[in-house]
Amino acid sequence: MTIVETLAVLDGEFSEFAQGLANDSYAIWLGAGISLSKVPGLVGVAEGVLEHLRAKVDPTNNNCPFKRSLDRIIGLVNLSADDRKEVDYAKPVVQWRDRERITKSLTGVYARMLDQHPQGEPADYLVWNGIGVVARYANPATSPGPEHLGLAGLIMEGVVSDAVSANWDGLLEKAVGLLAGGGSSVMQVRVLPDDVKNNTARARLYKFHGCAVLAGQDEARYRDRLVGRASQIHGWADKAENKVIAAKLVDLAVSKSTLMLGLSTQDTNIQNVFVVAQGSLPSHFPTHPPSVILSEQDVGADQLSLLQNFYKLDYGGKAAEIEESSLLRSYGQSLLPALWLHAFTAKLEALVELGVAGLSDAARRELKADLRSLRDVAVARVGIAENEVFMLKALSWAGRATSFFRDGKELEATSGVYSPLSINGIAKTLADPTVASSGLAQLALGLALIGRGKAAGHWMLCLSDPANSKAGAIKVAGPVRSAEVFFAANAQAAARLIAAGHASEDDETIILHSHEVPAKSARHPTAPPGRTLRRGRREFSLAALAEGETDLDRLMQRFQGEMAI
């Protein structure tokens, strides 16, 4: 699915899930599938291990430990005697006739494969040396993909405060660093037991299989936390060094609903977490929001076991319904960007109601639909191959526009490229006592009315080039002229926009104030529609525009008149 197709699913049959996620009701569980476009998956791991051992085989030594290790690994694959003869250690693995079959088969027993270390070498030899875990998974040149960027956006917005990863790579951390700045404390990575004592970060990432980046930085502390071997996975939760993190994972499985992306759940330590959790608190189907969402096309054997554990009281009689309701057939590269867009827009939808108290429920629903329409227009032509480029642009655009709105200035380079609407889920955002003075409700109203005007054909829209200091949040082009549109939460933000030259007196710009316009440029927003004579910067108050208004068409007419394009 593309992002826009996924958004349609989130607005439709999976709307309860999407709303639950926007309220931080889900823990996100990540597996190898989430990073496949950036780092080797299990097939690549298997081939890397085979080639490493093969290259070290000494053909003159019948007792070569590397050959014996390689023999044991090949023995894990069901090959006939004739097929086994075709495995020639003198040739690179890439030239083996059955390379694809062998490596694919090894993915199902990868943990056992990694336990076949050469005699005389450390137990983690195949992870540390065979895979080359630091070089492969902590490469500073590897950039985050759309999945990591989308999840980082969700974390910044405070709608994902807990994520669990079986991956060694640091791509999610890179994405958060890009958005929040390298020295930010937005997300804490938890690997060691003592990590759980720090509760100052907005979000927590539990890397229960360890972290290649940290292992490369501090081998003494983090090398033995890299989990991949069967001997480490079996009985993982009962080992003293894992009890603290295991208890945290069980708590997440009990206290939050689960979204699984790219995680096969074939490892027994993962399965055990959910067995223990649901033994304590079994779920009746249906749950609200849904207890388990799988980012998969089909329910595999391991996912089936998970669903059976979650819904063990009802699974026997409702298996087909449970499986269908759990399958969100969109993968992470589109799902996570779509979830960020959905959560961002859902916040605006909730906020817009605060700014139009006099309108009917039906009118408010129309404004919410206008916000979604604006969202969908932005992503309508984005193909799956373009997701990463789109996310980089969209996050930077949203961050710049929000920074202008809140502070009237560009984001500092050290602060990253993104500034969230709020740092909590929807319910907590609305309950924040500062929300009325934040200007967010008026921002939401302004965007909804701009979207409504586009749908009605009053103007066209485009995103301006952020490299242009005169670029606003959005560019609106009407039948007479066009203008860069800025939003200002308060008088200070507007003053900074003007002082910095972003919106000079003679520029064709519009500043939409959330609250009162400073007295020196105040004018009451009651002009009839179609005012086209005034040139240069225009400013008006969205709060004043909406105050006491009970008719949406009249509100739109007044807005159109003030825009004067």
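Each remark here, short or long, concerns the structure printed above.
Presented here is a report on the structure given in the accompanying data block.

What follows deals with the overall build of the protein. A tally of regular secondary structure across the protein gives 27 helices and eleven strands. In summary, the protein has a C-alpha radius of gyration of 27 Å against a globular reference of 24 Å for 565 residues, a match within 12%. Overall size of the protein, expressed as C-alpha extent along the three principal axes, is 95 × 50 × 45 Å. Long-range pairs, those at least 24 residues apart, make up 72% of the contacts in the protein with a sequence separation of at least 6. When the accessible surface of the protein is totalled, it reaches about 23400 Å², and 52% of it is carbon and sulfur. With 59 positive and 64 negative side-chain charges, the protein shows a spacing of 3 Å between the two charge centroids.

This paragraph deals with the sheet that holds strand 7 (residues 460-462). With mixed pairing, five strands are arranged side by side in an open sheet as 7-8-9-10-11. The sheet terminates laterally at strand 7 and strand 11 (538-541), the two strands that pair on one side only. Strand after strand, the sheet turns through a mean of 25 degrees between neighbouring axes, direction not considered. For strand 10 (residues 509-513) and strand 11, the ladder comprises four bridges, and the chain directions are parallel.

With that out of the way, let us pick up unusual backbone geometry. Among all residues save glycine, negative phi is the norm, and among peptide bonds the norm is trans. Backbone torsion omega between Phe-285 and Pro-286 reads -5 degrees, so that peptide bond is classified as cis. Along the chain, Pro-286 falls in the loop between helix 16 (268-280) and strand 6 (292-295). With omega at 0 degrees, the peptide bond leading from His-288 into Pro-289 counts as cis. Non-glycine residue Ala-564 carries a positive phi angle of around 50 degrees.

Aromatic rings considered in pairs are described by the distance between their centres and by the relative angle of their planes. Enumeration according to the criterion identifies 14 aromatic pairs in this entry. Taking the centre distance of 5.5 Å and the plane angle of 90 degrees together, the rings of Phe-285 and Tyr-311 count as edge-to-face. Taken together, the residues span a long stretch of sequence, with Phe-285 in the loop between helix 16 and strand 6 and Tyr-311 in the loop between helix 17 (301-310) and helix 18 (315-326) at a distance of 26 residues. The two residues Phe-285 and Tyr-311 agree in class, both being buried. Of the aromatic side chains, those joined through ring pairs into one cluster are Trp-29, Phe-274, Phe-285, Phe-310 and Tyr-311.

This paragraph deals with the layout of surface pockets. Counted as a void, the largest pocket has a volume near 820 Å³. Around the largest pocket, the lining is made up of 41 residues, and of these Gly-31, Ala-32, Gly-33, Leu-42 and Gly-262 lie nearest the centre. A total of three residues in the lining of the largest pocket trace back to one element, the largest contributor, which is helix 3 (residues 42-56). Taken together, the residues of the lining of the largest pocket sort by class into 18 nonpolar, 18 polar and five charged. Its volume calculated, the second largest pocket comes out at about 610 Å³. Lining the second largest pocket are 29 residues, and of these Leu-374, Arg-375, Ala-378, Trp-397 and Leu-463 sit closest to its centre. Mapped onto the lining of the second largest pocket, the elements with two or more residues apiece are helix 19 (332-355), helix 20 (361-379), helix 21 (387-407), helix 24 (440-455) and strand 7. Broken down by element, the lining of the second largest pocket gets its largest block of residues, seven residues, from helix 21.

This next bit is on the nonpolar core. Membership of the largest hydrophobic core comes to 95 residues, with the highest contact counts inside it found for Phe-17, Ile-28, Leu-154, Leu-259, Trp-340, Leu-512 and Phe-559. Sort the elements by how many residues they give to this core and helix 19 lands first, with 13 residues. Beyond its immediate sequence surroundings of up to four residues, Trp-340 is in contact with Gly-150, Gly-153, Leu-154, Glu-157, Met-391, Ala-394, Leu-395, Ala-398 and Tyr-418. In this structure, Cys-64, Ile-102, Val-109 and Val-273 belong to the second largest nonpolar core, which totals 76 residues.

Looking now at the sheet that holds strand 4 (residues 203-207). Taken together, six strands build an open sheet; the order of strands is 3-4-2-1-5-6 and the sheet is parallel. In this open sheet, the two strands that pair with only one neighbour each are strand 3 (187-190) and strand 6. The average undirected angle you get between the axes of adjacent strands in this sheet is 20 degrees. Strand direction decides the pairing type here: strand 2 (residues 162-165) and strand 4, joined by four bridges, are parallel. Looking at strand 4, one finds that Asp-162 is bridged to Arg-204. Taken strand by strand, helix 19 contacts strand 5 (257-261) and strand 6, and its axis lies near 140 degrees from that of strand 5.

Analysis parameters
Residues numbered from 1 in each chain as written. Predicted model: local features only at pLDDT ≥ 70, side-chain atom pairs only at ≥ 80, totals over all residues. Heavy atoms only, no water. Helix = DSSP H or I, 4+ residues; strand = E, 2+ residues; numbered from the N terminus. Rg over C-alpha atoms; globule rule 2.2 N^0.38 Å. Contact = heavy atoms within 4.5 Å. Areas by Shrake-Rupley, 256 points an atom, 1.4 Å probe, with all protein chains shown as cover. Lys, Arg positive; Asp, Glu negative; His and termini not counted. Charge placed at Lys NZ, Arg CZ, Asp CG, Glu CD. Pairing = 2+ DSSP bridges. Axes fitted to C-alpha atoms, helices over the stretch in contact; angles between N-to-C directions. Phe/Tyr/Trp six-rings, centres within 6.5 Å; stacked < 30°, edge-to-face > 60°. Buried < 20%, exposed > 50% of the residue type's maximum accessible area, 1.4 Å probe, protein only. 1 Å grid on protein atoms, 1.4 Å probe; cavity = no way out; pocket = protein on both sides within 12 Å on 5 of 7 lines; lining within 4 Å. Points joined across faces, edges and corners; volume = space filled by probe spheres on them. Nonpolar A, V, L, I, M, F, W, Y, C, P; charged D, E, K, R; others polar. Core = buried A, V, L, I, M, F, W, Y, C linked by side-chain atoms within 4.5 Å.

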